[in-house]
Amino acid sequence: MRNPEWLEKYFEQVAQSSAEGRDAVEYVRARKIMVGMRRARKSVGAFWTLERKFYLNSVHYTAESILENPRAWTLFVHEVRHLKQGALTALSIYGELDAWQVEFNLYRKLTGKPLQATLEELLSLPLNMDRNNLHRARRLMIQHAGKGYGANLLPLYPIHKELKYWVTRR
C-alpha cells in the first residue's frame, strides 16, 4: 500500500530535520509502521498503539501544518522512541522521561528557542531508576501537559520492574 503524498512529504521533513529524525523515519519504514492522523484528547500531541501504529492528533495538526512545524517533527521522534522501547518501558514514567528528553532536546536544537522552565528542569533530570527522580519527572510532565496527559496513571518503572519493586521494595 502506498503512503499518501502528505505522509511522504512529512517523512522527508522529519528525515531532513536531524540525524534523530532520519533514524526515526528509517525505523518506521523498515518496520512498515503505519503513520496517520487521528483525533485525540487535547492534551496529546501524538500517540502510538499496541498494534505499532503512530498517529498525530488531528486536533492540533493538519497534513499541511506538519510540514512546517518542528514540533510535529520532534513528536515523530518521541513516538518512535516509544515504539523502540517496547510497550513495557513506554508505558512508564521512565519511558516517558526518556522520550520527552529526546523530543525536547531535539526541539531546542532545531528551533534555537529557550524552553519553558518546567521543560528545562525535566531535561536536567538524570535518566535513571531513582524513584524520587521519576516522581519529580511525573510532576513536571503534569505541570507542563496537564492532568489529561495521563502521566499520573503510569507506573514509575516499566510494569515488570514496578511489580518487582512492590514485592521486594528494591
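Scroll up a little and you will see the structure.
Note that the coordinates shown come from a computational prediction; the quantities given were computed from them, not determined experimentally.

Here we look at a nonpolar patch on the surface
A cluster of nonpolar residues, Leu88, Ile159 and Leu163, forms a patch on the protein surface that exposes about 270 Å² of accessible area. Looking at the secondary structure, you find leucine 163 in helix 8 (residues 159-168). Residue leucine 163 is classed as exposed on the basis of its relative accessible area, which comes to 53%.

Notes on the packing of helix 2 (residues 19-30) against helix 3 (residues 70-85)
Packed helix pairs are specified by the crossing angle of their axes together with the interaxial distance, meaning the distance between the axes. Remark: helix 2 packs on helix 3, axes separated minimally by 9 Å, with the N-to-C direction vectors making an angle of 50°. Here helix 2 is positioned oblique relative to helix 3, judged by the angle of their axes. In terms of crossing hand, the pair formed by helix 2 and helix 3 is left-handed. Residues Glu20, Gly21, Asp23, Ala24, Val25, Tyr27 and Val28 of helix 2 lie in contact with helix 3, whose contacting residues are Phe76, Val77, Val80, Leu83 and Lys84. Counted by class, the contact of helix 2 with helix 3 contains eight nonpolar, one polar and three charged residues.

Comments concerning the pairing of strand 3 (residues 53-57)
Most of strand 3 is tucked away, with four of its five residues classed as buried. Here five bridges tie strand 1 (residues 34-38) to strand 3, and the two strands are oriented parallel to one another. Looking at strand 3, one finds that methionine 34 is bridged to lysine 53. Pairing between strand 2 (residues 46-48) and strand 3: three bridges, direction antiparallel. Its bridge partner lying in strand 3, alanine 46 is registered against leucine 56. Count of turn residues in the strand 2/strand 3 antiparallel hairpin: four residues, of which arginine 52 carries a positive phi of about 60°.

Quick look at the environment of isoleucine 142
Tracing the backbone through its elements, the reader meets isoleucine 142 in helix 7 (residues 131-145). Along the chain, isoleucine 142 and threonine 118 lie 24 residues apart, while their C-alpha atoms are 9.9 Å from each other. If near-sequence neighbours (up to four positions away) are discounted, isoleucine 142 is found in contact with Lys147, Ala151 and Asn152.

Topic: helix 3
Counted at 1.5 Å a residue, the expected span for helix 3 with its 16 residues is 22 Å, and the 23 Å between its end C-alpha atoms agrees. Of the residues making up helix 3, those classed as buried are Ala72, Trp73, Thr74, Leu75, Phe76, Val77, His78, Glu79, Val80, His82, Leu83 and Gln85. Residue asparagine 69 occupies the N-cap position of helix 3, its side-chain oxygen lying 2.8 Å from the main-chain nitrogen of arginine 71. A positive backbone phi angle near 90° is found at glycine 86, which sits one or two residues after helix 3.

What counts, and at which threshold
Residues numbered from 1 in each chain as written. Predicted model: local features only at pLDDT ≥ 70, side-chain atom pairs only at ≥ 80, totals over all residues. Heavy atoms only, no water. Patch = residues over 30% accessible without salt bridge, like charges linked within 9 Å, V, L, I, M, F, W, Y side chains within 5 Å. Areas by Shrake-Rupley, 256 points an atom, 1.4 Å probe, with all protein chains shown as cover. Salt bridge = Lys/Arg side-chain N within 4 Å of Asp/Glu carboxyl O. Helix = DSSP H or I, 4+ residues; strand = E, 2+ residues; numbered from the N terminus. Buried < 20%, exposed > 50% of the residue type's maximum accessible area, 1.4 Å probe, protein only. Axes fitted to C-alpha atoms, helices over the stretch in contact; angles between N-to-C directions. Parallel < 35°, antiparallel > 145°, perpendicular 65-115°, else oblique. Left-handed = near helix turned anticlockwise from the far one by under 90°. Contact = heavy atoms within 4.5 Å. Nonpolar A, V, L, I, M, F, W, Y, C, P; charged D, E, K, R; others polar. Pairing = 2+ DSSP bridges. Expected span 1.5 Å × (residues − 1). Polar contact = N/O pair within 3.5 Å; in protein donor to acceptor, adjacent residues only side chain to side chain.

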